[in-house]
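Survey of secondary and tertiary structure
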Amino acid sequence: MNILGIETSCDETSAALVERRDQHWAIRSNVVSSQIEIHREWGGVVPELASRQHIRDICTVVNRALETAGATLADVDAIAVTQGPGLVGSLLVGVSFAKSLALSLSRPLIPVHHLAGHIESLFLEQGGGEAIPLPLAVLVVSGGHTSLYIVRAPGSYQRVGRTRDDAAGEAYDKVAKLLGLGYPGGPVIDRLAKQGNDQAVDLPVTRMTHADRNAPYEKGDLDFSFSGLKTAVLRHVRGAGPVRDVRRAGPKDPPPQRALTNQEIADICASFQRVVVNTLLDRLFDAAERFGAQSVGIAGGVSANSRLRADLTARGLRTGVPTFIPRISLSTDNAAMIAAAGIRNFDAGLRAEWTLNADSSLEL
Ligand code: KG4
Ligand code: ZN
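Residues numbered from 1 in each chain as written. Chains lettered and ligands numbered in written order. Predicted model: local features only at pLDDT ≥ 70, side-chain atom pairs only at ≥ 80, totals over all residues. Heavy atoms only, no water.

To continue, consider the sheet that holds strand β4 (residues 78-84). Taken in spatial order, the five strands line up as β3-β2-β1-β4-β5 in an open sheet, and their pairing is mixed. Across the chains shown, the open sheet's two edge strands, defined by having one partner strand only, are β3 (24-34) and β5 (109-113). Across the sheet, the axes of successive neighbouring strands diverge by a mean angle of 20°, strand direction being ignored. Of the strand pairs in this sheet, strand β1 (residues 2-7) and β4 are connected by four bridges, and their pairing is parallel. (Pairing = 2+ DSSP bridges. Helix = DSSP H or I, 4+ residues; strand = E, 2+ residues; numbered from the N terminus. Axes fitted to C-alpha atoms, helices over the stretch in contact; angles between N-to-C directions.)

Put into structure tokens, the structure is as follows:
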């Protein structure tokens, strides 16, 4: 069975052909057209520009995915598309395209949750099947999301933690912006951090020790919060020094006294990254212990981070818990992971109606 995956939730137009033979999943193609160059000029993703570019690119990207796989539309047995969450105008391009294609080819259309796609990238990396011991504790960490899930059975996802404010990738992007490093922030901070001292700047670690009134869980202590860290970096950059009470930092704080040296910027990057990575991994391993996970994994754009990958592997070796990480091209947004999640939904009997609509805040 060949599943065509289509992903347009943010600023990547992607199409992929994934073949399922028995329990094995093989990526026959995974084409990604990134819009980074378009959005860089504006310091972040501009939704209207993103949806217009998806419209320009979608046909070429799908054709190229078929060509790369040596396939034609006649070889496509089902179409999986990201229904949400994401930017609604961007999602609509993929959903409308997938609906039209499925209708004209008389093939089933399968709706996919973007985060289910990120989680399934871990299984796709292993070639499908049962290579990952369950339950699996997964940290999904991207520009829009920072959530912890427990996978007890293939295709079943229980959310046990999430960020209460900024996503980790968003914190990377905002810190890079205030350091004048451009967009997207993750890769550049990752690179500069390698030349910095990660103990140079004392930054606060946010820890949820009790359930918040607003938290939808009985226990909210596996939740994350990154907005205070971002504000602490802002205060540090503006010459106020490390802050304890981050609520008092604001846009009216004084500007920096002088330009930072390259070494100071590298030190801030390294210190910021130390706090983010430790926070993410502490919570992931807490969740694994609490829910009796037999394995842990990371997925999503921030899982491309070199320190997160290295530290996860090291902690796994230290604690004896098997760890799983997708290759970089499956970490950042791509349609192969959407096809993989499509296989799970197909097996569960899920089919979209022709009335399927994009849902920018779809829950998983
Ligand atoms: O999953 P993704 O491609 O798109 C969303 O669904 O959001 O994630 C994009 C995010 C951006 O915030 C980007 O800065 C971050 O992933 N990112 C990284 C790295 N590469 C990408 N963050 C930290 N280190 C990296 N190497
Ligand atoms: Zn994503």
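Back to the text.
What follows deals with the packing of aromatic side chains. Working definition: an aromatic ring pair is given by the centre-to-centre distance plus the angle between the planes. Applying the stated criterion across every chain yields a total of two aromatic pairs. Relative to Phe-272, the ring of Tyr-172 has its centre 5.1 Å away and its plane inclined at 80°; by these criteria the two rings are edge-to-face. Here Tyr-172 is found in helix α5 (residues 168-178), whereas its partner Phe-272 is found in helix α8 (residues 262-290), with 100 residues between them in sequence. By the burial criterion, Tyr-172 is buried, and Phe-272 matches it. (Phe/Tyr/Trp six-rings, centres within 6.5 Å; stacked < 30°, edge-to-face > 60°. Buried < 20%, exposed > 50% of the residue type's maximum accessible area, 1.4 Å probe, protein only.)

Any two side chains of opposite charge can pair, on the condition that their charged atoms come close. Taken as a whole, this structure holds 17 salt bridges when the rule is applied. In this structure, Asp-198 and Arg-307 form a salt bridge, with 2.9 Å as the shortest nitrogen-oxygen distance. Separated by 109 residues along the polypeptide, Asp-198 in the loop between α6 (185-193) and α7 (227-237) and Arg-307 in helix α9 (residues 306-319) bring together distant segments of the chain. Overall, Asp-198 belongs to the partly exposed group, its relative accessible area being 21%. Arg-307 gets classed as partly exposed once you look at its relative accessible area, which sits at 21%. For Asp-282, the salt bridge is made with Arg-315, and the minimal N-O distance between the two is 2.8 Å. Of this pair, Asp-282 sits in helix α8 while Arg-315 is found in helix α9, placing the two residues 33 residues apart along the sequence. Residue classification places Arg-315 among the buried positions, given a relative accessible area of 15%. (Salt bridge = Lys/Arg side-chain N within 4 Å of Asp/Glu carboxyl O.)

Let us look at the pairing of β3. Taken together, the ten bridges between strand β2 (residues 12-21) and β3 define a ladder with antiparallel strand orientation. In the strand pairing of β3, Val-18 is matched with Ile-27.

Turning next to the pairing of strand β6 (residues 136-141). Burial analysis of β6 places six of its six residues in the buried class, the great majority of the element. Side-chain alternation along β6 places Leu-136, Val-138 and Val-140 on one buried face and Ala-137, Leu-139 and Val-141 on a second face that is also buried. The pairing of β6 with strand β7 (residues 146-151) spans six bridges and is classified as antiparallel. Within the sheet, the bridge partner assigned to Val-140 lies in β7 and is Ser-147. The turn joining β6 and β7, which pair antiparallel and follow one another in sequence, is formed by four residues. The pairing of β6 with strand β9 (residues 295-299) spans five bridges and is parallel. Along β9, the bridge assignment pairs Leu-136 with Ser-295.

The next subject is the nonpolar core. With 47 residues, the main nonpolar core has Phe-272, Leu-280 and Leu-284 as its most contacted residues. Residue assignment for this core shows that the elements contributing at least two residues are β6, β7, α5, α6, α7, α8, β9 and α9. Ranked by residues supplied to this core, first place goes to α8 with 14 residues. In contact with Leu-284, other than residues within four places in its own chain, are Ala-137, Val-138, Leu-139, Leu-148, Val-296, Gly-297, Ile-298 and Leu-312. (Core = buried A, V, L, I, M, F, W, Y, C linked by side-chain atoms within 4.5 Å. Contact = heavy atoms within 4.5 Å.)

Bringing the side chain of Glu-120 into the picture now. Among the structural elements, Glu-120 can be located in helix α4 (residues 114-125). Of the residues examined, Glu-120 reaches a relative accessible area of 0% and is grouped as buried. Once you skip the residues sitting within four places of it in the chain, Glu-120 turns out to touch Trp-25, Gly-155, Tyr-157, Met-337, Ala-340, Ala-341 and Arg-344.

Around ligand 1, a shell composed of 20 residues is seen, among which Gly-143, Asp-173, Asp-190, Gly-301 and Asn-305 lie nearest. Interatomic distance of 3.3 Å between a side-chain N/O atom of His-114 and an oxygen atom of ligand 1. Within the contact set of ligand 1, an oxygen atom lies 3.0 Å away from a side-chain nitrogen or oxygen of Asp-333. Taken by itself ligand 1 offers 550 Å² of open surface, and the protein chains cover 88% of this. Every element with two or more residues in the shell around ligand 1 is listed here: α4, α5 and α6. Tallied by class, residues from the shell around ligand 1 come to five nonpolar, twelve polar and three charged. (Near = heavy atom within 4 Å. Polar contact = N/O pair within 3.5 Å; in protein donor to acceptor, adjacent residues only side chain to side chain. Areas by Shrake-Rupley, 256 points an atom, 1.4 Å probe, with all protein chains shown as cover. Nonpolar A, V, L, I, M, F, W, Y, C, P; charged D, E, K, R; others polar.)

Any functional reading would require information beyond the geometric quantities listed.
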